[in-house]
Amino acid sequence: MLRGLGGRGRVVAPRWWRARSVVVRDGAVGVALAALAFVPPLAANGTRLGELPHRAVDGLAVLAALAQTVPLAWRRRWPSAVLAVAAGGFAVQELRGYPTFAGAGLLVALYSAAAYQERRRGLTTGIACAGYAGLAVALHAAGSPTRVQDFVLFFLIVMAGVAAGSRVRRMRIMEPERRRATAAAARAGERARIARELHDVITHHVTAMVVQADAAQFLAAAPQQVSANLEAISGTGRRALRELRDLLGVLDPDRVAPRGDLPTLAALPELVVQTRSAGQPVELVEDGRAGGLGSGRELTAYRVVQEALTNALKYAPGRPTRVHLAHRGDGVHIAVGNDPGPAPAHPVGGSGRGLDGLRERVEILGGELHAGPTDDGGFLVTARIPTGDTA
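Along each chain, residues carry numbers from 1 onward, in the same order as the chain's sequence is written. The predicted origin of the model limits local features to residues at a pLDDT of at least 70 and limits the giving and counting of side-chain atom pairs to 80 or more, whereas totals for whole chains, interfaces and linings rest on all residues. Hydrogens are left out, water is left out, and the side-chain values use all remaining heavy atoms of the structure.

Digging into the packing of helix 5 (residues 79-96) against helix 6 (residues 104-116)
Rule in force here: Note on method: axes are straight lines fitted to C-alpha atoms, helices fitted across the in-contact stretch only, with angles between N-to-C directions ranging 0 to 180 degrees. In this description a helix means any DSSP run of H or I spanning at least four residues, a strand means any run of E spanning at least two, and both kinds are numbered starting from the N terminus. Roughly parallel covers angles under 35 degrees, roughly antiparallel covers those over 145, roughly perpendicular covers 65 to 115, and oblique covers all other angles. When the near helix sits turned anticlockwise from the far one by under a right angle, the crossing is termed left-handed; a clockwise turn instead gives a right-handed crossing. Pairs of residues are marked as contacts when any of their non-hydrogen atoms sit within 4.5 Å. Charged means Asp, Glu, Lys or Arg here, nonpolar means Ala, Val, Leu, Ile, Met, Phe, Trp, Tyr, Cys or Pro, and polar covers whatever is left, Gly included.
Helix 6 packs onto helix 5 with a crossing angle of 160 degrees between their chain directions and a minimal axis gap of 9 Å. When the interaxial angle is binned, helix 5 and helix 6 end up roughly antiparallel. In this structure, helix 5 meets helix 6 at a crossing whose hand is left-handed. Contact residues: helix 5 offers P79, V82, L83, A86, A87 and F90, while helix 6 offers L106, A109, L110, S112, A113 and Y116. Of the residues belonging to the contact of helix 5 with helix 6, the class tally is 11 nonpolar, one polar and no charged.

Rendered as C-alpha cells:
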C-alpha cells in the first residue's frame, strides 16, 4: 500500500530557484527521488503494491528506480512518455519485490500526465487503466497477498492525484479567459466612470452657460451687466474645457492624468461662486472639519453638490439655494435645497440620469442619497458619504 511522508506547510521556493528552467527544477526532483530510493527508512515505507517478499537490490532494481525518477525532468514536455517509462519501472519493481522509495515517481508522473498532456488524453487514460489491471493480475499470479479491495483502494488513491492534475490543467486553461474577463470588467468600469464624470462636468457648466446666455438677452439696456455675463460665460467655458482636458487625459496612452486633477471638497467655494455668477443665489455653510474621506469619496461628494446646483439652475433659476455640509466622524452629510417658487417657462432639459447615477456612486461607497420635493414646495437633495473605515 501507499506509505509516505507528507507535510501541511507550503514551501515558497527562492527566486533564484524559480528562475531556473522547468527541466532543471523537475530534474532536480527526479534526482533527489533517485538518491532516496534505497535509503533504508524510506525504502521500507515506499510505495509497495504487491507486497511480495523483498529481493536483494541488484542492477535491475537500480534501473527500475532510475526509470521512475530521472525521466521526471521532462514530465511537462513529454508527460505521456514519462508516464510510460515510470510505469514500466514501477511494474518491474513490484513484480521483483524490490524495496525502494522510487515508486513516488510514478505518482508524480500520473499527476503530470493529467496536468500537462494535451492530446489523446482519453487514449492515455485507457492505456494506463489497462496497464494497471494487467499489473494487478500479474501480481496475483506471482503470489501477491494483496486483496482485490486493496488494489481498488490503491487505484482510487492514485486517481485522486490524477484528478488534482486535471484540475490544475483546467485552471491553467481558464486563466487567460479569467484575465481577459478581469481586464474587460476594468475597462467597462473605467468607461462608466468617465461617462459619469463627463455627464457631471458637461451638464453643470453647459447649464450655467445657457442660463447666463438667456439672461444676457434681457440686459440690452445694461451694457455693463451684459459684459459681466459674457465674461462669466467665457470663464465657465474655460473651466469646462480644463476639467474635460484633465478627465479625458486618462484616455491618452502617452499621458497619465492623475486623479488629483479632479475636484474635491476644497473646490466647493469656487463652485458656489461659479453658480452665483450664473444668477443663482447660493449660500454655503460648513460644520466641522473636513478630512478622512479620501480623494475618491471627496470627488463623489463634490459631484453631489454640483449636480444639485445644476438641477437648481435648470428647474429653480433665481431661487435662493442653500448648501450645507456637516463633517462628522462617520463621514460627510450633505444637504442642498432651494426655496419654493413657480417652475421656469422654458427649463433647460436634461437626461434625468444625474441623480440616479450619483445615487449609485454613493451607495457603492456605503452611503445613501435622497432627492425630492419638500412640504413647502421646494426641492432637497441629501446625501451621506461615509469615511473609508465605515463604508
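Regarding the packing of aromatic side chains
What counts here: Pairing of aromatic rings covers Phe, Tyr and the six-membered ring of Trp, with a centre-to-centre limit of 6.5 Å; geometry is then stacked below 30 degrees between planes, edge-to-face above 60, and tilted otherwise. Exposure classes here rest on a 1.4 Å probe applied to the protein chains alone. A residue is buried below 20% of its type maximum, exposed above 50%, and partly exposed in between. Criterion for a charge above a ring: Lys NZ or Arg CZ within 6 Å of the ring centre, and within 35 degrees of the ring normal.
Under the defined criterion, the tally for this structure stands at three aromatic pairs. Between F90 and F154, the ring centres sit 6.4 Å apart and the planes meet at 10 degrees, which makes this aromatic pair stacked. Of the two residues, F90 sits in helix 5 while F154 sits in helix 8 (residues 148-216), which places them 64 residues apart along the sequence. Taken individually, F90 and F154 each receive the classification buried, so the pair is uniform in this respect. Ring centres of Y132 and F155 lie 5.6 Å apart, and the angle between their planes is 35 degrees; this geometry places the pair in the tilted category. Linking Y132 in helix 7 (residues 121-141) with F155 in helix 8, this pair joins segments that are 23 residues apart in sequence. Looking at Y132, the relative accessible area reads 18%, which means it is buried. Among the aromatic residues, those joined into a ring-pair cluster are F90, Y132, F154 and F155. A cation over an aromatic ring shows up here: R77 above the ring of W78, its NZ or CZ 5.6 Å from the ring centre.

Distances and angles like these do not, on their own, reveal function.
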